[in-house]
Structure formats: structure tokens, C-alpha cells
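Examining the three-dimensional arrangement
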Amino acid sequence: MWVPQSWLMRWLPRNAIGRRAVISMFGMFLPVCECGNVPLARGLVRRGFSVPESMTFLIAAPILNPVVIITTHQAFGFDDGILVARLLGGFLIANLIGWLYAKHPEPESLLTERFAEQCRIDEASHEHPTKWQQTLDLFVRETSILMPALVIGALVAGGIQVIVPREILVALGSDPLWSIVAMMVLAFIISVCSNVDAFFILPFAATFLPGSIVTFLVFGPIIDIKMLALMRTTYSTQTLIQITTVVGLLAAALGLVVNYVA
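Residues numbered from 1 in each chain as written. Predicted model: local features only at pLDDT ≥ 70, side-chain atom pairs only at ≥ 80, totals over all residues. Heavy atoms only, no water.

1. As for the overall build of the chain
Helix and strand content of the chain: 14 helices and 0 strands. Reading the chain from its N terminus to its C terminus gives the helix and strand order α-α-α-α-α-α-α-α-α-α-α-α-α-α. The buried share of the chain, taken over its 262 residues, is 45%. (Helix = DSSP H or I, 4+ residues; strand = E, 2+ residues; numbered from the N terminus. Buried < 20%, exposed > 50% of the residue type's maximum accessible area, 1.4 Å probe, protein only.)

In C-alpha cells, the structure reads:
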């Protein structure tokens, strides 16, 4: 509400690919956790950004922000290329998904009907409330939509953590392929914030290959139980299935490359 539209647009290239590349770096100036990025991505759509551009921001921001960069460096330094692979992987995956969906003939169909309708109402509205009124209205609206999804997602993630024995995952850590699969499952279940996930996974570095650690650090901030519950308030189920598939395949490929190069 308070950042001038002209200020945002001033930094964006006219070229679509360059524009999305810059948008994927917005997280450097908005260093909130992935949960906080969902209402920010919704806000971008309301302010006239395209749906693929909002996706590019949403996927990149949990990784490409100063807090995550600092904590990952504190945990791993530059050992085994984990930090560099995480940053490059987050940037490339976000921009590839943005590029893929930019070719969609009906971008609005990627959204839930409820959110698309709300965007149409906002666009057609002729009211001119104050910025304080708009801020309060947005806060109430987003909280009422996102909080139930956050609570339910956290409950499901917590329940599965209790049920699934971690020993099963640790036993798979030395295999180049199965260690990656295990880390993707762990990232999906744990649903830990990207600001602290590097410290969470650090004890596993002694038993798991570097590529599987990278996969955890790239896949987890984008796709986990909590994030899917939150993103479902904005994007359709079909869209989320597609995003999950693409992110999973790319994160696994990145992990395999690191395993065979490191």
C-alpha cells in the first residue's frame, strides 16, 4: 500500500525475461519468511503484476533474501558449493517457472476463483479510501484467508513428524539418488522456515551427501505442507500440482549434479 507504484516499475526492464529476473530479486528488499511472501505475491497481482511474475517472486523470495543467505553461510560456509548451489537453484527454478507460465494463454485461470474475483472487484472499484483504511482492510482480509491455511498446514506437518521415524530417512543418506528423495520427503514433512532450515539440516550433513542437502534447501522453502496450504488460497489445485512436479524434478536434478560434481 505504501510503496509507490512508480518506484517499483522504475527498476523493471521492459524485456519480459529481464523483468522477471529483477522481480525474483525482490526478496532481497523484503526479507520475510515464505509464509509472509504469499500475501506479498497476492499484493503484486492486485497491483497489476502478471500471475507468472507473482509466481517468480513467490518461488525465489524464500531463498534469495539476505537472512537466508547469511544463515546458510553461517551453517555451511562455502563447503561443497551448498550455498552457491542453493542461490543459483532458487533463481533458475523461479525464473523457469515464470517463463513457462508466461506462455499460458489464460493466466487468470491459474488463480483460484475466489482470488480472481477479488482482483476483479478491486480493479472495478471506484472508491478511494485512505492508505490507512486500505492497509487495515488488506490486513483483515489476508489474515482471515491465510491464517486457517497456516494453522491446518502446521498441524498436519507436526502430526506427520511424530508418525514418520527419522531413522528411516537417515538410513538412506549415503545413496546418491535415494538420499535426495529422502531429503525431499523430509523437507515436505518438516515444513521448517527457510530462515532457519540450514541450521536444522546441518546435523544431517555428516550422513547425507551434499547434493541431498542442497535439494532440501531448495525444495523445502518452495514446496512443503504449510506452503501448499497457503498457496492454495491463491493458485488452483492443478497449478500447484504442476508447480510441485516441476520444482521437484529440478531440485532433484540439481542435487544429482552436486552429488556427482562435489
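2. Details of the pattern of salt bridges
This structure, assessed with the given rule, holds 2 salt bridges. Notably, a salt bridge pairs Arg-19 with Glu-53, separated by 2.4 Å at the nearest N-O pair. Of this pair, Arg-19 sits in helix H2 (residues 16-23) while Glu-53 sits in helix H4 (residues 51-60), placing them 34 residues apart in sequence. You'll find Arg-19 and Glu-53 in the same group, each marked buried. With its nearest N and O atoms 2.7 Å apart, the salt bridge here joins Asp-197 to Arg-86. A residue pair is termed long-range when its members are at least 10 positions apart, and Asp-197 in helix H11 (residues 197-201) and Arg-86 in helix H6 (residues 82-102) qualify at 111 residues. Just as Asp-197 is buried, Arg-86 falls in that class too. (Salt bridge = Lys/Arg side-chain N within 4 Å of Asp/Glu carboxyl O.)

3. Quick notes on the nonpolar core
Counting residues in each nonpolar core, the largest one holds 60 residues, and the members touching the most others are Ile-201, Ile-213 and Tyr-235. Sorting elements by how many residues they give to this core places helix H10 (residues 178-190) first, with 7 residues. (Core = buried A, V, L, I, M, F, W, Y, C linked by side-chain atoms within 4.5 Å.)

4. Topic: the environment of Ile-59
Checked against the element boundaries, Ile-59 lands in helix H4. Placed 32 residues apart in sequence, Ile-59 and Phe-91 show a C-alpha to C-alpha distance of 8.5 Å. Beyond its immediate stretch of four places on either side in the chain, Ile-59 contacts Ile-93, Ala-94, Ile-97, Ile-222 and Ile-243. (Contact = heavy atoms within 4.5 Å.)

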